[in-house]
Amino acid sequence: MTKLSFLAFTIIAAASLTASACKKKEGGEAAGKPTEGAAAAEGAAPAAAGPLTMTAQALFDDFTKPGQDGMALLDKYRPGVTVSGAVTNTIAEESGFLHVWLDGGNNHKVTLDFTDQGAAAKQKAVKTGDQVSATCQVGGADDKMMMLTDCVLK
């Protein structure tokens, strides 16, 4: 997924959230319904306490499952995810950034982009075949690859 695709995903998600909030406010108290805050306090599921923990394959399979509700995915993965898996390759850019790719199962890849630009992965000499774990934000996915951003290597 390119950075442009990620930006488009982010813009679409933000627009959906804004549209949803506007619809809730239209009915509001005038229609005899509780306000948005009251509704959230009554029926909303409690926010996750922290990042979910899963393997790269389980994450890819769950996030790309057909028929997913995009808003539910945003809510589910908002706290982030601690992902673990086998390194399939590392990519060092001329700028010094190091990207790590994990095996997502079934020829899928899960890419890790680090907040420290891969410094911790370089220091640990992460290489193909190593098992790694990182806490990240979910950037998005297509049918072959999933991008995780703001990762911190464990």
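Residues numbered from 1 in each chain as written. Predicted model: local features only at pLDDT ≥ 70, side-chain atom pairs only at ≥ 80, totals over all residues. Heavy atoms only, no water.

Draft legend 1. The arrangement of the pairing of strand 5 (residues 131-141) in detail. Two elements, strand 2 (residues 81-92) and strand 5, share six bridges in a ladder whose sense is antiparallel. Bridging across to strand 5, Val-81 finds its partner in Cys-136. Here six bridges tie strand 5 to strand 6 (residues 145-153), and the two strands are oriented antiparallel to one another. Within the sheet, the bridge partner assigned to Ala-134 lies in strand 6 and is Leu-153. (Pairing = 2+ DSSP bridges. Helix = DSSP H or I, 4+ residues; strand = E, 2+ residues; numbered from the N terminus.)

Draft legend 2. How the structure looks around the nonpolar core. Residues Leu-102, Leu-112 and Leu-148 are the most contacted members of the largest nonpolar core, which totals 26 residues. Those residues in contact with Leu-112 that lie beyond four places of it in its chain are Val-83, His-99, Val-100, Leu-102, Val-132, Ala-134, Cys-136, Leu-148 and Cys-151. (Core = buried A, V, L, I, M, F, W, Y, C linked by side-chain atoms within 4.5 Å. Buried < 20%, exposed > 50% of the residue type's maximum accessible area, 1.4 Å probe, protein only. Contact = heavy atoms within 4.5 Å.)

Draft legend 3. Local environment of the packing of helix 3 (residues 56-63) against helix 4 (residues 70-77). For the pair helix 3 and helix 4, interaxial distance at closest approach is 11 Å and the crossing angle is 150 degrees. Regarding the angle of helix 3 to helix 4, the classification is roughly antiparallel. For the pair formed by helix 3 and helix 4, the contact residues are Leu-59, Asp-62 and Phe-63 on the first element and Leu-73, Lys-76 and Tyr-77 on the second. Residues of the contact of helix 3 with helix 4, tallied by class, amount to four nonpolar, no polar and two charged. (Axes fitted to C-alpha atoms, helices over the stretch in contact; angles between N-to-C directions. Parallel < 35°, antiparallel > 145°, perpendicular 65-115°, else oblique. Nonpolar A, V, L, I, M, F, W, Y, C, P; charged D, E, K, R; others polar.)

Draft legend 4. A look at the pairing of strand 2. Sheet topology note: the strand 1 (residues 52-55)/strand 2 ladder contains four bridges and is parallel. Opposite Met-54, over in strand 2, you have Val-83 as the bridge partner. Bridging between strand 2 and strand 3 (residues 98-103) involves five bridges; their strand directions are antiparallel. Looking at the pairing, Ile-91 lines up with His-99 of strand 3. Hairpin geometry of strand 2 and strand 3 is characterised by an intervening segment of five residues between the two adjacent antiparallel strands and by a positive phi of about 105 degrees at Gly-96.

Draft legend 5. Just the pattern of salt bridges, in detail. In this structure the tally under the stated criterion is four salt bridges. For Asp-62, the salt bridge is made with Lys-65, and the minimal N-O distance between the two is 3.5 Å. Lys-76 is the salt-bridge partner of Asp-62, the closest N and O atoms lying 2.7 Å from each other. Remark: Lys-76 occurs in helix 4 and Asp-62 occurs in helix 3; sequence separation between them is 14 residues. Judged by its relative accessible area of 13%, Asp-62 is buried. Accessibility expressed as a relative area gives 35% for Lys-76, which makes it partly exposed. Through salt bridges that share partners, Asp-62, Lys-65 and Lys-76 make up one connected network. (Salt bridge = Lys/Arg side-chain N within 4 Å of Asp/Glu carboxyl O.)

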